[in-house]
Amino acid sequence: MNSGASWSAPKLAEARVLGIQRKLHKWASDDPDRRFPDLHNLVCDPATLMVAWMRVRSNRGSRSAGVDGDTARHVEQRVGVVRFLDGLREELRSGSFRPLPVKERLIPKRGGANKFRRLGVPTVRDRVVQAALKTVLEPIFEADFQPSSYGFRPGRRAHDAIAEIHLFASRSYEWVLEADIKACFDEISHVAIQERLRARVADKRVIALVKAFLKAGIRTELGDREETLSGTPQGGILSPLIANVALSALDEHFARAWQTTMATRSQRECVRRRGDATYRLIRYADDFVICVAGRREHAEALKAEVEQAIAPLGLRLSPEKTRVVSIDEGFDFLGFAIKRVRGRHGRMVIHTYPSKRSLQAVKTKVRDITKHTGPDQEPAQLMHRVNRVLRGWCNYFRHGTSSATYAYLRHHAYWRVVGWLRRKHPKRNWSWLRRTYLKERWPSHNGVELFNPAAVRTTRYRYRGAQIPTPWEQGVIAYRDHTTAMDHLEGLIAR
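Bear in mind the structure is a predicted one, so any value in this text is a computation, not a measurement. (Residues numbered from 1 in each chain as written. Predicted model: local features only at pLDDT ≥ 70, side-chain atom pairs only at ≥ 80, totals over all residues. Heavy atoms only, no water.)

S.K.: Got a minute to help me understand the overall build of the protein chain in this structure?
M.R.: In terms of regular secondary structure, the protein chain is built from 19 helices and 13 strands. A compact globule built from 495 residues would reach a C-alpha radius of gyration of about 23 Å, and the protein chain, at 25 Å, matches this within 12%. A burial count over the protein chain gives 50% of its 495 residues as buried. By sequence separation, contacts in the protein chain at least 24 residues apart represent 72% of the contacts at least 6 residues apart. (Helix = DSSP H or I, 4+ residues; strand = E, 2+ residues; numbered from the N terminus. Rg over C-alpha atoms; globule rule 2.2 N^0.38 Å. Buried < 20%, exposed > 50% of the residue type's maximum accessible area, 1.4 Å probe, protein only. Contact = heavy atoms within 4.5 Å.)

If you want it as structure tokens, here you go:
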């Protein structure tokens, strides 16, 4: 398809790719059994590769190099974008493209020393091909994904998952199976992934390309090469989509049970009259919960059902992180604490607010920023750094009962910054500090004012359920800063 097409302007490429994605998504939605036979040519299409490059270039990760040592900026300066994409396209069309091993980066895990999460940094060329694959495959598989899955999907976010839990917990779903899949990205079966891909993709070249990325291997921090017999390294653009394709088997298992016996209110009432339980799965990547309307033993019995559903994927539950809790006891999910408490008017209500771990994490970041004075750091620079942390954290948790937490964080940030100012000016008294930095009783310097968490207004997030539109229905390509990326790329092409 368009094997002889030339490179077009980035905005034209974006429009062309959007049209292709719309068609793929519509065809996949209209026919759930349809298998797509000729997707490789779409991956190699100049418009697809250009949009993939824009996505890679606009991401902050473009500053990180893979095992070849090249960043996106190096590609622009040494090779040139058009020449780089020409060579990559020719490799894909001839079948000579081979992905390089990903560069290992070990990130400390929460909850204990000597525990690390393995991240893989692919090369820039591999990232572009992965982005092209995702551009073509995502509209197809989005037609099959269940509404109860929210992680790493376009147009969906963690707040949608929290809103659904809030909805069911408010409607007598009093027990929660809080589950975590052990080493999901490390142990997921390559065979299971390819089988689920073949259900929709008939093009063997695309399947072989995905398999090549799965088998690319890892270059460890010590310089050794490890084979990847299972799993998909976290850090690649394609990894979240592959994980969702595989884990959709779990979504489908519980969706079938819901549609068969619990889809309507009368069906749910009939189930409960028999003494059985109704339940609902809410998943975000490899973390998920099952809300249960019944007894504790019903929730406990679902553990075995989950284990049976994920066993063909080569996965198992983590015993340490999987437990059954009452909604009155509360639990943490995606940074939020979710608990049923007695409200102002005596009624039992569901509260969602920042968990203790999330609060401690932001306090640690503020403490680290304000720990050292530094001879070259001005107060305005410090406040700007603290503001970025506070603003992002407060914006995430503004959809909840977070006002008390915000007031506490305001107090913590105020005294950390004031303490930093006093250490920076040890010979100045308190009156001088107030005249210089606390004129309105709040830290500010050179037009930069410390962000006030208590000023953030909290609102309830609107539950959207199955009504969340896809980007192809809205006509938006899903990557960040795409306007800036297109303008930058157009300037490079024009040189």
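S.K.: What is the right way to read the environment of R268 from this model?
M.R.: Along the chain, the position of R268 falls in helix α12 (residues 265–273). Setting aside its immediate chain neighbours within four residues, R268 contacts Y173, W258, T261, M262, A263 and T278.

S.K.: Can you walk me through the environment of R219 in this structure?
M.R.: Positionally, R219 belongs in strand β4 (residues 218–219). Residues R219 and V121, 98 residues apart in the sequence, show an inter-C-alpha distance of 9.5 Å. When near neighbours in sequence (up to four residues on either side) are disregarded, R219 contacts V67, P101, V102, K103, E104, D224 and R225.

S.K.: I tried to follow the packing of aromatic side chains on my own but got confused; where do I start?
M.R.: Overall, the coordinates contain 14 aromatic pairs when judged by the stated rule. Aromatic pair W393 and Y406: ring centres 6.3 Å apart, planes at 65°, arrangement edge-to-face. In this pair, W393 is assigned in helix α15 (residues 379–397) and Y406 in helix α16 (residues 403–424), connecting sequence segments 13 residues apart. Centroid distance Y414 to W415: 5.0 Å. Interplanar angle 90°. Geometry classified as edge-to-face. A relative accessible area of 14% means that Y414 is categorised as buried. One cation-aromatic arrangement involves R280 over W258; the distance from NZ or CZ to the ring centre is 4.9 Å. The residue whose ring lies beneath R428 is W432, and the NZ or CZ to ring-centre distance is 4.5 Å. (Phe/Tyr/Trp six-rings, centres within 6.5 Å; stacked < 30°, edge-to-face > 60°. Lys NZ or Arg CZ within 6 Å of the ring centre and 35° of its normal.)

S.K.: What exactly am I supposed to notice about the sheet that holds strand β10 (residues 336–342) here?
M.R.: Two orientations exist for strands paired in a sheet by backbone hydrogen bonds: parallel and antiparallel. The three strands are arranged β9-β10-β11 in an open sheet whose pairing can be described as antiparallel. One side of each edge strand has no neighbouring strand; the edge strands of this open sheet are β9 (331–333) and β11 (348–354). On average, each strand axis in the sheet is inclined to that of its neighbour by 30°, with strand direction left out of account. Judged from the three bridges that link them, β9 and β10 form a sheet pairing that is antiparallel. From the neighbouring strand, F331 faces β10, where its bridge partner is I338. (Pairing = 2+ DSSP bridges. Axes fitted to C-alpha atoms, helices over the stretch in contact; angles between N-to-C directions.)

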